[in-house]
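Close look at the chain arrangement
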Amino acid sequence: MEHYDFWVDISNTPQVFFFSSILKSLEEKYSIFITARSRGEIEALLRMFKMKSKVFGRDYRNSLLKTLSIGTRSIQLLYKVPKFDIALSFENPMPILTARARRKKFILFLDNDVKLLTDNSGVQNLETQIKKLSDIVVVPKVSYELFQKAYKRSKVLTYDGYKEHIYIAEYDPDKEFLAKNGLDEYVVVRPEAMASLYVNGNESLVPMIIKRLEQEKIKVVYLPRDPGDEKLVEGYRNVHIPPHPLNGLDLAYYAKAVLTGSGTMAREAAILGTPAVSFFPSRALLSVDQDLINRGKMIHTRDVNEVITYIKMNWDKEKKADFQESKSVKKQVLQLLDAII
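Residues numbered from 1 in each chain as written. Predicted model: local features only at pLDDT ≥ 70, side-chain atom pairs only at ≥ 80, totals over all residues. Heavy atoms only, no water.

Here Leu 259 is to be found in strand β11 (residues 257–260). Residue classification places Leu 259 among the buried residues on the basis of a relative accessible area of 0%. Separated by 77 residues in sequence, Leu 259 and Leu 336 place their C-alpha atoms 33 Å apart. Apart from residues no more than four positions distant in its own chain, Leu 259 is found in contact with Val 187, Val 188, Val 189, Arg 190, Ile 209, Val 277, Phe 279, Val 307 and Ile 311. (Helix = DSSP H or I, 4+ residues; strand = E, 2+ residues; numbered from the N terminus. Buried < 20%, exposed > 50% of the residue type's maximum accessible area, 1.4 Å probe, protein only. Contact = heavy atoms within 4.5 Å.)

Here's what the structure looks like:
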């Protein structure tokens, strides 16, 4: 059986971007084995970034099926993964069982401290307890206090900035993006992660937002998150659903605004200088989101009138992307990993 320096397991779409950037630097010196779960655009993005991986297991909206699939896949990893020295994941507890069983070092990247504050389900709490078995936890500096209290067994390391900085560090806007995809002036809308355990069944705000944008004659590029999300925008003529995955950073960079029910795309947009709106269905926000709000780089609201007003006020906002800051953050994270290794 082959032996790898690193094993990476990917369970959600943003993790593909994150690890694509990290692994580009690591693969120059180390051998890497990648596994992934089928969810959203994961498989298409893995192909786009030419990340050779073993994909198995899938996600479910139903909480019982979701729970069973997480448990089953965690066990499958025990015998599907070859020998490795260090395991890496982001907000993903499934690889921990394998790392512990093989007595190998496990490094977990986290940024969602809301999960530490929200007591939504026994399953969510169990996931948090499993994550606490990590050897090393790497978190944004603005999240350190909460994670340090929760992860007393683990060594908690920090970096300036957010995970989105790490892959924006090497982003170069495609000047032909709009022409190639038949786009001009548009806003991006991505729904809430209604299938996530911590969202806990809130009603989606998307239909109300799309209706108001149609009234304002604003074009929408809509990005479904899970199967069935297309139904939220049925019947609206101002909505375009891309037939194939697009580069999300180009989509955010050239948009007039990005509206999302989860945090990642809002943070990407904010770093790229695009007006960013989070309509995350909770008053409790991730520390990284609150930090961007405090810095005036994004807003959080579930008031549709406030969303529309913000878009119109910032329609012609000048782009000021944080590319230099992003390069600095990525360099810092790679130095952390080198020190651990």
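Attention shifts here to the layout of surface pockets. Taken as a whole, the second largest pocket encloses approximately 240 Å³ of empty space. Surrounding the second largest pocket, 15 residues form its lining, Ile 70, Gly 71, Ser 74, Leu 126 and Ile 130 being those nearest its centre. Examining the composition of the lining of the second largest pocket, we find that five residues originate from one element, helix α3 (residues 63–80), more than from any other. A class-by-class count of the residues in the lining of the second largest pocket yields 10 nonpolar, three polar and two charged. (1 Å grid on protein atoms, 1.4 Å probe; cavity = no way out; pocket = protein on both sides within 12 Å on 5 of 7 lines; lining within 4 Å. Points joined across faces, edges and corners; volume = space filled by probe spheres on them. Nonpolar A, V, L, I, M, F, W, Y, C, P; charged D, E, K, R; others polar.)

Here the focus is the sheet that holds β11. The strand order across the open sheet built from six strands is β10-β9-β8-β11-β12-β13, with neighbouring strands paired in parallel fashion. Only two strands of the sheet have a single neighbouring strand rather than two, namely β10 (239–240) and β13 (299–300). Summarising the sheet, strand β8 (residues 187–190) and strand β9 (residues 220–222) pair through three bridges and their orientation is parallel. Looking at β9, one finds that Val 189 is bridged to Tyr 222. (Pairing = 2+ DSSP bridges.)

Scanning the entire structure with this criterion turns up 27 salt bridges. The residue Glu 185 makes a salt bridge to Lys 256 at a minimum N-O spacing of 3.9 Å. Placement of the pair is Glu 185 in the loop between α9 (177–180) and β8 and Lys 256 in the loop between α11 (248–254) and β11, with a sequence separation of 71 residues. According to the relative accessible area criterion, Glu 185 is partly exposed, its value standing at 42%. Using a relative accessible area of 18% as the deciding quantity, one classes Lys 256 as buried. When the shortest N-O distance is used, the salt bridge between Arg 212 and Glu 216 registers 3.8 Å. Each member of the salt-bridge network shares a partner with another, and the members are Asp 111, Lys 163, Glu 164, Arg 267 and Asp 289. (Salt bridge = Lys/Arg side-chain N within 4 Å of Asp/Glu carboxyl O.)

A positive phi angle, close to 55°, is found at Lys 50, a residue other than glycine. Structurally, the position occupied by Lys 50 is in the loop between α2 (42–48) and β3 (54–58). Looking at Lys 50, the relative accessible area reads 76%, which means it is exposed. Positive phi, close to 55°, is recorded for Glu 91, a residue that is not glycine. Structurally, the position occupied by Glu 91 is in the loop between β4 (83–90) and α4 (96–101).

Core analysis: the biggest nonpolar cluster contains 62 residues, and Ile 10 and Leu 88 have the highest contact counts within it. In terms of residue count, helix α1 (residues 13–26) provides more of this core than any other element does, seven residues in total. Apart from residues no more than four positions distant in its own chain, Leu 88 is found in contact with Phe 6, Trp 7, Val 8, Asp 9, Phe 19, Leu 26, Ile 107, Phe 109 and Leu 337. (Core = buried A, V, L, I, M, F, W, Y, C linked by side-chain atoms within 4.5 Å.)

Going through the model one piece at a time under the given rule, you end up with one cavity of 30 Å³ or more. For the largest cavity, the calculated volume is near 40 Å³. Around the largest cavity, the lining residues are Glu 91, Leu 110, Asn 112, Lys 115, Leu 116, Thr 128, Lys 131, Phe 147 and Tyr 151. Secondary-structure elements contributing two or more residues to the lining of the largest cavity are α5 (114–117) and α6 (122–131). Residue composition of the lining of the largest cavity, grouped by class: four nonpolar, two polar and three charged.

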